[in-house]
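Letter by letter, the chains look like this.
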Amino acid sequence: MVDPIKIIERARLSTAKDPWAQREAWRNHPSFSKMSQLRGMFPGFGIATGLFAIYLAYDHFAGAKDNKH
């Protein structure tokens, strides 16, 4: 199990040399990664694509059979 006190001490020792390191630490947080930002850009895109595919399959197989324009 990870000891949070050791993590805090290790972070404090690594940032002791650079006074701006603690202010820049937020940039390394997982919620600011490129993949996280891409996932958040289109929040309902996956569900909408799946539902549209189901609609197309239903329309193809159960739709009207007349081919009039």
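Per-chain numbering applies: the sequence of each chain, read as written, is numbered from 1 onward. It should be noted that, the model being predicted, local features are given only for residues of pLDDT at least 70 and side-chain atom pairs only at 80 or more, the latter also being counted only at that level, while totals for whole chains, interfaces and linings use all residues. To obtain the side-chain values, all non-hydrogen atoms of the structure were included, while hydrogens and water were left out.

Turning to the overall build of the protein, a few remarks are in order. Counting from the N terminus, the helices are DSSP H or I runs at least four residues long and the strands are E runs at least two residues long. Of the regular secondary structure elements, the protein holds 4 helices and 0 strands. Along the protein, helices (α) and strands (β) appear in the sequence α-α-α-α when read from the amino end. Accessible area is worked out with a 1.4 Å probe on protein chains only. A residue is then buried under 20% of its type maximum, exposed over 50%, and partly exposed in between. Here the protein holds 69 residues, and the buried ones make up 3% of them.

The aromatic pairing rule takes the rings of Phe, Tyr and Trp, using the six-membered ring of Trp, and pairs them if the centres are within 6.5 Å, calling planes under 30 degrees apart stacked, those over 60 edge-to-face and the rest tilted. Applying the stated criterion across every chain yields a total of 2 aromatic pairs. Relative to Phe-45, the ring of Phe-42 has its centre 6.1 Å away and its plane inclined at 50 degrees; by these criteria the two rings are tilted. Residue Phe-42 is classed as exposed on the basis of its relative accessible area of 53%. On the basis of relative accessible area, Phe-45 is assigned to the exposed category, the value being 57%. The interplanar angle of 35 degrees and the centroid separation of 6.2 Å between the aromatic rings of Phe-52 and Tyr-55 together place this pair among those described as tilted. Of this pair, Phe-52 and Tyr-55 both sit in helix α4 (residues 45-62), separated by 3 residues, roughly a single helical turn. A relative accessible area of 47% means that Tyr-55 is categorised as partly exposed.

Exposure above 30% relative accessible area and no salt bridge define the residues that can form patches, which grow by joining like charges within 9 Å and nonpolar side chains of Val, Leu, Ile, Met, Phe, Trp and Tyr within 5 Å. With residues, only the protein chains shown are counted as cover, and all accessible areas are computed by Shrake-Rupley using a 1.4 Å probe. Salt bridges, as used here, are contacts in which a Lys or Arg side-chain nitrogen is within 4 Å of a carboxyl oxygen on Asp or Glu. On the surface, Met-35, Leu-38, Met-41, Phe-42 and Phe-45 cluster together to form a nonpolar patch covering roughly 580 Å² of accessible area. Considering every element that reaches the nonpolar patch, the biggest residue donor is helix α3 (residues 34-41), with 3 residues. Mapped onto the elements, Leu-38 comes out in helix α3.

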